[in-house]
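The primary structure of each chain is shown beneath.
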Amino acid sequence: MKIALTGSSGGVGRAIITEARKQGHDLVCIDRVAAPETEETKDLHFIQADMDEYEKLVAAFAGCDAVIHMAAIPSPGRHPDHVVHNNNVVGSYNALQAAVDNGIMRICQASSVNAIGHSYSRDPHYDYLPIDEEHANYSEEPYSLSKWICEAQADAFARRWEDISIASMRFHWVVPERELAARNFTPNSASPKKHLFAYTRFDAAARACLMSLEGKFKGHEAFYIVAPDTTLDIPSLEAAEKFFPGIPIKGDLSGRKAFFNSSKAERILGWKHDL
């Protein structure tokens, strides 16, 4: 498969390059800056472009079978609020439109667990645990709002093109290994409601993106792509009682199971996050 990959110089983008090459895919890598040359990134077909350079995107996507759109500002606070929001929303729209302008019907885009409000909310609100794709939206700041709108844009494209398949990947903090998240998300860490002791590993995120392009569903689907365990060494039910009292438990939190439910990705995509 020939895949156009935006945000190819970012952490998840580089992980996708590694996995895609392992699987034998061809890549057209697109970013505002080139990635440092490594064994994984050398000899890539790289096109320097920003997500607001629409004609460049259309030309870059030409001849590709699928698009993986990872380019975005990954959190608020690094730029003014309006820049975060506008960059992410316009970038997503341009990626979707440039894809369909090239007849590309298989698309994956980066979303976030923050699409419903989470890490950057003033006081995150959860209706139940573990959180799944049916949970209500309580986004309140520019990054969360941008991710929610990116998913709404995908819904609109799915209504317009009946053969399209768009996957919005709701990653948590993406890290090389669980240990990094475990050192940061501990029983003593501040504001546990803003991280829920959760993480996603780079290799698992990359596999999920590539698996979403197989086209086994039509329309637009959002998927939680989160590790199946917490960063804690205590049972999840005990942690829920201690850190999240009063939030109803509506799913399986036996053992050290995560406070995000990624079973939809397993059911539809065949994806699992290895421990």
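Preceding this section is the structure that the text describes.
Everything numeric in this text was worked out from a predicted model, so none of it was measured.

Student: I tried to follow unusual backbone geometry on my own but got confused; where do I start?
Tutor: A cis amide bond links Leu129 with the next residue in sequence, Pro130, at an omega value of -5 degrees. Within the secondary structure layout, Pro130 lies in the loop between strand E5 (106-110) and helix H4 (142-160). Its identity as a non-glycine residue notwithstanding, Ser191 has a phi of 50 degrees, on the positive side. Take Ser191: it is sitting in the loop between helix H5 (178-184) and strand E8 (200-201). Looking at Ser191, the relative accessible area reads 40%, which means it is partly exposed. The phi dihedral of Leu196 falls on the positive side, at around 50 degrees, and the residue is not glycine. The residue Leu196 is located in the loop between H5 and E8 in this model. The class for Leu196 is buried, based on a relative accessible area of 0%.

Student: Whenever I open this one, the layout of surface pockets confuses me. Can you help?
Tutor: In this structure, the largest pocket encloses a volume near 1,100 Å³. If you trace the largest pocket, you find 38 residues lining it, with Ala72, Ile73, Pro74, Ser75 and Tyr143 closest to the centre. Listing elements by their share of the lining of the largest pocket, those giving two or more residues are helix H1 (11-23), strand E2 (26-31) and H4. Tallied by class, the residues present in the lining of the largest pocket amount to 18 nonpolar, 14 polar and six charged.

Conventions used here
- Residues numbered from 1 in each chain as written.
- Predicted model: local features only at pLDDT ≥ 70, side-chain atom pairs only at ≥ 80, totals over all residues.
- Heavy atoms only, no water.
- Helix = DSSP H or I, 4+ residues; strand = E, 2+ residues; numbered from the N terminus.
- Buried < 20%, exposed > 50% of the residue type's maximum accessible area, 1.4 Å probe, protein only.
- 1 Å grid on protein atoms, 1.4 Å probe; cavity = no way out; pocket = protein on both sides within 12 Å on 5 of 7 lines; lining within 4 Å.
- Points joined across faces, edges and corners; volume = space filled by probe spheres on them.
- Nonpolar A, V, L, I, M, F, W, Y, C, P; charged D, E, K, R; others polar.

Scope: geometric values only; no functional claims are made or implied.
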